[in-house]
Amino acid sequence: MRSLGIRHVRSGEFTWVALEPRPGQLHWEWLDGILDILARVGLKAILGTPTAAPPKWLVDEYPDILPMDWEGRIRNFGSRRHYCFSSQVYLSETERIVTALAKRYDQHPAIIGWQLDN
């Protein structure tokens with residue numbers, strides 16, 4: 001990437017299930033590795049929150065986070081933006097995962113910015 005003139009990399013969006021494959025089981029190793037490599041080679045990262053893609057386990061546990069269209073039809077898991085922006089459960093869960101992400105990486109030397117959602 002550096003040889004191509006790239007200096008900044010975005011990473012992290014749509015990764016909720018990779019960060020938390022099961023409720024409460026956070027797996028940081030893969031993202032640690034990416035950010036550490038970027039820092040080592042002098043690239044900077046804009047870290048995205050994973051909130052644009054809630055994991056299937058979250059939807060299964062709280063199906064009321066799925067969005068409804070103007071005709072009352074529920075959009076299923078896997079569609080783009082498969083959550084309701086005003087769902088209190090969705091808001092609480094996104095606050096939880098984003099807070100964990102920020103606490104983990106707030107001082108990482110590769111990170112120069114945060115992308116809030118996608």
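Residues numbered from 1 in each chain as written. Predicted model: local features only at pLDDT ≥ 70, side-chain atom pairs only at ≥ 80, totals over all residues. Heavy atoms only, no water.

## Topic: the pairing of strand β2 (residues 44-48)
Applied cut-off: One bridge is not enough; two strands pair if DSSP finds at least two bridges between them. Helix and strand definitions here come from DSSP, where helices need a minimum of 4 consecutive H or I residues and strands a minimum of 2 consecutive E residues; each element is numbered from the N-terminal end.
Sheet analysis places strand β1 (residues 8-11) next to β2, joined by four bridges and oriented parallel. Among the inter-strand pairings, Ser11 is bridged to a residue of β2, identified as Leu47. Looking at chain direction, β2 and strand β3 (residues 111-115) are connected through four bridges and run parallel. Note that in β3 the partner of Gly48 across the bridge is Gln115.

## Some remarks on the pattern of salt bridges
Note the threshold: Definition used for salt bridges: Asp or Glu carboxyl oxygen within 4 Å of a side-chain nitrogen of Lys or Arg. Working definition: with a 1.4 Å probe on protein chains only, accessible area under 20% of the residue-type maximum means buried, over 50% means exposed, and in between means partly exposed.
Under the criterion given, the structure shown has seven salt bridges. Note that Asp32 and Arg104 form a salt bridge whose closest N and O atoms lie 2.5 Å from each other. Of this pair, Asp32 sits in helix α2 (residues 29-40) while Arg104 sits in helix α4 (residues 88-105), placing them 72 residues apart in sequence. For Arg104, a relative accessible area of 39% corresponds to the partly exposed category. Here Lys56 and Asp60 are joined by a salt bridge, their closest N and O atoms 2.5 Å apart. Here Asp60 and Lys56 lie together in helix α3 (residues 56-61), a separation of four residues that amounts to about one turn. For Lys56, a relative accessible area of 40% corresponds to the partly exposed category. It is possible to trace a salt-bridge network through shared partners that takes in Glu20, Glu93 and Arg96.

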